[in-house]
Amino acid sequence: MKEKLDQLIGEVDMRQDELIQLLHKLISYKTPAPPARNTEEAQQFIASFLKEKGFVIDKWDVYPGDPNVVGVLNGTYSSQFKSLIINGHVDVAEVNEDEEWLSDPFVPTVQDGSVIGRGAADMKGGLAGALFAIQLLHEHGIRLPGDLTFQSVIGEEVGEAGTLECCKRGYKADFALVADTSDLHIQGQGGVITGWITVKSKNTYHDATRKDMIHAGGKLFGASAIEKMMKIMQALQELERNWAVMKSYPGYPPGTNTINPAVIEGGRHAAFIADECRLWITVHFYPNETHEQVAKEIEEHIHLAAQGDIWLRENPPIFEWGGSSMIEDRGEIFPSLEVDGSHPAIHTLMNVHERIIKEKAVVDVSPTVTDGGWFGDAGIPAAIYGPGSLRHAHAVNEQVSIEQLIQYTKVILSFIYKWCHTRK
Ligand SMILES: [Zn+2]
């Protein structure tokens with residue numbers, strides 16, 4: 001086993017040009033989200049690639065023009081050996097017209113030992129490494145005893161749950177590895193949920209009635225929804241401050257758990273009293289919290305604040321949480337993910353990382369969010385582990401170091417091999 005694996009690892013060095021070619025190919029598919037709905041060709045390429053290597057392909061439209069691809073390579077002794085999901089998103093961050101790239105972001109170039117192009121770090125590098133590992137295993141006639149599933153999903157950059165769709169479709173494994181940008185750290189993550197808070201009056205009043213609403217003797221029981229929203233924003237700030245003081249999680253600077261009043265919409269016209277006001281908030285929470293839990297905490301706190309206001313008590317704010325897309329319904333959820341350091345897959349991954357890279361494996365938390373949380377949500381043990389650094393993700397001249405990409409490919413190759421050869 002060791003000899004065969006060492007031979008395969010040696011091939012990654014010898015054939016690094018092919019690995020870089022594969023990354024170039026993936027980057028050349030223009031898959032920015034937004035605008036999204038542009039991944040059909042890239043996904044077809046990945047589906048064909050996996051099919052050639054013996055995978056059974058499931059490809060379906062999550063949105064028209066944005067299909068998910070799941071390839072399953074059935075193990076020779078599935079019932080007795082561990083199964084693995086490798087997951088990655090094929091969409092990349094958008095490119096704005098005013099960005100000054102050294103060259104076309106979709107025509108990758110190599111400079112100073114790095115591949116430059118949109119998605120190099122986030123996360124076509126990770127996809128290329130994992131796919132190349134699969135190619136080498138296939139070419140060497142390795143038959144894995146445990147099942148291997150490869151998921152190439154859409155929509156991650158705009159909070160579209162391509163990965164959630166895979167989980168809903170019933171894809172499971174003993175462990176899932178999300179190949180998203182982590183600079184070769186083994187990571188969990190906090191979560192994000194967006195929500196809308198609406199303050200709404202039962203009646204619409206003309207501007208001229210304001211005096212009757214706010215002055216002595218007016219006798220009109222009404223309020224401006226915009227002014228009442230100010231109270232709610234204040235209550236949110238108090239809760240945010242309380243969280244910063246009272247909650248913490250190893251690896252995160254205190255106060256990482258924020259409530260951002262991101263967008264406010266309200267009022268209909270200067271000739272009326274604002275009868276509706278809507279606030280769009282983004283909530284960041286820690287890996288040991290769930291989105292359901294923090295949403296409930298916010299609702300309870302705002303409810304209490306509303307109880308202290310005579311008008312809001314009669315006209316309580318309305319909450320709508322999450323959503324399945326930032327571009328379709330202005331809402332998203334990224335569940336949190338806790339990495340269980342004692343899980344055998346984490347041990348295996350740490351061991352192969354240390355053997356190949358000759359540095360201690362780092363297990364920590366991602367400062368951003370990935371699709372990893374959906375596996376946590378589905379009860380599938382998981383971790384984020386990918387090449388590339390977050391300071392390059394979404395940036396102008398996005399890049400990944402070729403040396404790190406090669407190391408990643410070796411680690412993931414060894415990990416697939418070892419984990420799928422581990423008895424249940
Ligand atoms: Zn990503």
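The name that an unreviewed UniProt entry assigns to the chain is Acetylornithine deacetylase, with the source organism given as Cytobacillus oceanisediminis.

Trainee: Mind laying out the overall build of the chain, listing which residues take part and the relevant values?
Mentor: A count of helical and extended segments in the chain gives 12 helices and 16 strands. Put simply, the chain has 424 residues, and 47% of those count as buried. Look at the contacts in the chain between residues 6 or more apart in sequence, and 80% of them connect residues 24 or more apart.

Trainee: How would you summarise the packing of helix α7 (residues 225-246) against helix α8 (residues 291-307) if you had to cite specific residues and measurements?
Mentor: As a packed pair, α7 and α8 sit with axes 10 Å apart at the nearest point and diverge in direction by 130°. For the element pair α7 / α8, the angle class is oblique. Between α7 and α8 the crossing geometry is right-handed. Facing Lys231, Ile232, Ala235 and Leu239 of α7, the residues of α8 in contact are Ile298, His301, Ile302 and Ala305. Classifying every residue of the contact of α7 with α8 by side-chain character gives 6 nonpolar, 1 polar and 1 charged.

Trainee: Account for the UniProt feature "domain: Peptidase M20 dimerisation" (unreviewed entry) in the chain, naming residues and giving values.
Mentor: Per the UniProt record, "domain: Peptidase M20 dimerisation" (unreviewed entry) is annotated on residues 210-302. Annotation note: span residues 210-302, helix share 42%, strand share 19%, distance between end C-alpha atoms 26 Å.

Trainee: Which residues make up α8, and what values do they have?
Mentor: It helps to recall that an α-helix has 3.6 residues per turn; residues three or four apart then point in one direction. Compared with an ideal rise of 1.5 Å per residue, which puts 17 residues at 24 Å, α8 spans 24 Å between its outermost C-alpha atoms and is within 8% of the ideal. Restricting attention to buried positions, one finds in α8 the residues His291, Val294, Ile298, Ile302 and Ala306. End-on view of α8: buried residues confined to an arc of 110°, all on one side of the axis. More than 90 degrees from the buried face of α8, the exposed residues found are Glu300, Leu304 and Gln307. For α8, the elements touching its buried residues are β9 (191-200), α7, β11 (276-285), α9 (310-314) and β13 (333-334).

Trainee: Let's hear about the nonpolar core: which residues, and what values?
Mentor: Counting 80 residues, the largest nonpolar core has Leu84, Ala133, Leu177, Leu413 and Ile416 as its most contacted members. Among all residues touching Leu177, those that are not within four sequence positions of it are Leu84, Ile86, Ala382, Ala383 and Tyr385. Judged by nonpolar contacts, the second largest core, of 27 residues, contains Leu236, Ala274, Ile302 and Trp321.

Trainee: Lay out unusual backbone geometry in plain terms, naming residues and giving numbers.
Mentor: Going from Pro34 to Pro35, the amide bond is cis rather than trans, its omega being 10°. Residue placement: Pro35 occurs in the loop between α2 (16-28) and α3 (40-52). The residue after Asp122, namely Met123, is reached through a cis peptide bond having omega -15°. Relative to the assigned elements, Met123 resides in helix α4 (residues 120-139). The backbone phi angle of Arg37 is positive, close to 60°, even though this residue is not glycine. Note that Arg37 resides in the loop between α2 and α3.

Trainee: Got a sec to walk through the sheet that holds strand β4 (residues 109-111)? Specific residues and values, please.
Mentor: The antiparallel open sheet is built from 3 strands, whose spatial order is β4-β5-β16. The sheet terminates laterally at β4 and β16 (399-401), the two strands that pair on one side only. For this sheet the average axis-to-axis angle between neighbouring strands, irrespective of direction, equals 25°. Examined bridge by bridge, strand β5 (residues 114-116) and β16 share 3 bridges and lie antiparallel to one another. Counted as the bridge partner of Ser114 is Ser401 from β16. On top of the sheet, α4 reaches β5 and β16; it is set at about 50° to β16, its chief contact.

Trainee: Tell me what's going on with the packing of α4 against helix α12 (residues 402-419), and back it up with residues and numbers.
Mentor: For the pair α4 and α12, the least separation of the axes is 8 Å and the interaxial angle reads 50°. Taken as axis vectors, α4 and α12 run oblique relative to one another. The interaxial crossing formed by α4 with α12 has right-handed handedness. Between α4 and α12, the residues in contact are Gly125, Gly129, Ala130, Phe132, Ala133, Leu136 and Leu137 and Leu405, Tyr408, Thr409, Ile412, Leu413, Ile416 and Tyr417, respectively.

The rules behind these values
Residues numbered from 1 in each chain as written. Predicted model: local features only at pLDDT ≥ 70, side-chain atom pairs only at ≥ 80, totals over all residues. Helix = DSSP H or I, 4+ residues; strand = E, 2+ residues; numbered from the N terminus. Buried ≥ 20, exposed ≤ 12 C-beta atoms within 10 Å, placed from the backbone. Contact = placed C-beta atoms within 7 Å. Axes fitted to C-alpha atoms, helices over the stretch in contact; angles between N-to-C directions. Parallel < 35°, antiparallel > 145°, perpendicular 65-115°, else oblique. Left-handed = near helix turned anticlockwise from the far one by under 90°. Nonpolar A, V, L, I, M, F, W, Y, C, P; charged D, E, K, R; others polar. UniProt positions renumbered as here; feature names shortened; annotations may be inferred. Expected span 1.5 Å × (residues − 1). Arc of directions from axis to C-beta. Core = buried A, V, L, I, M, F, W, Y, C linked by C-beta atoms within 7 Å. Pairing = 2+ DSSP bridges.

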